[in-house]
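Structure assessment
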Amino acid sequence: MQVSLNSELERFVGELMATGKFGNASEVVSRALELLQEHERVIDDIRTKIDAGLEDVKAGRVFSPEDAKALLNRRRENWARTAR
């Protein structure tokens, strides 16, 4: 497979190789694609959670602002206690 990059990306790949972190351009592109793949998984997960949240709203499974604040404050207090 051959890949064409614009001059800015070619320069960036060269800079990364010059640091010694990558032995060649293929390693740079492979790592970039791995990160893009992970990014896409995270975005899909976020979209799934948003959809679930919207379904909760439609079904009336929501907290009042006051209840949500109280819940978050309790969680924060619990986290602070366990962090000690």
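Residues numbered from 1 in each chain as written. Predicted model: local features only at pLDDT ≥ 70, side-chain atom pairs only at ≥ 80, totals over all residues. Heavy atoms only, no water.

Points about a nonpolar patch on the surface
There is a patch of nonpolar side chains on the surface, built from Val42, Ile46, Ile50 and Leu54 and spanning about 330 Å² of accessible area. Structurally, the position occupied by Ile50 is in helix H2 (residues 25–58). Classification of Ile50 as partly exposed rests on a relative accessible area of 48%. (Patch = residues over 30% accessible without salt bridge, like charges linked within 9 Å, V, L, I, M, F, W, Y side chains within 5 Å. Areas by Shrake-Rupley, 256 points an atom, 1.4 Å probe, with all protein chains shown as cover. Salt bridge = Lys/Arg side-chain N within 4 Å of Asp/Glu carboxyl O. Helix = DSSP H or I, 4+ residues; strand = E, 2+ residues; numbered from the N terminus. Buried < 20%, exposed > 50% of the residue type's maximum accessible area, 1.4 Å probe, protein only.)

Side note on the pattern of salt bridges
All told, the structure shown has 6 salt bridges when counted by the stated rule. With a closest N to O distance of 3.4 Å, Arg31 and Glu34 form a salt bridge. Within this pair, Arg31 and its partner Glu34 are both found in helix H2, separated by 3 residues, close to a single helical turn. What makes Arg31 partly exposed here is its relative accessible area of 38%. Notably, a salt bridge pairs Arg61 with Asp56, separated by 2.7 Å at the nearest N-O pair. Classification of Arg61 as exposed rests on a relative accessible area of 53%. With relative accessibility at 29%, the residue Asp56 sits in the partly exposed group.

Thoughts on the layout of surface pockets
Estimated volume of the largest pocket: approximately 300 Å³. In terms of lining, the largest pocket is formed by 16 residues, of which the most central are Val13, Val28, Val29, Ala32 and Leu33. At the level of elements, helix H1 (7–18) and H2 are the ones that each hand at least two residues to the lining of the largest pocket. Sorting elements by how many residues they give to the lining of the largest pocket places H2 first, with 7 residues. (1 Å grid on protein atoms, 1.4 Å probe; cavity = no way out; pocket = protein on both sides within 12 Å on 5 of 7 lines; lining within 4 Å. Points joined across faces, edges and corners; volume = space filled by probe spheres on them.)

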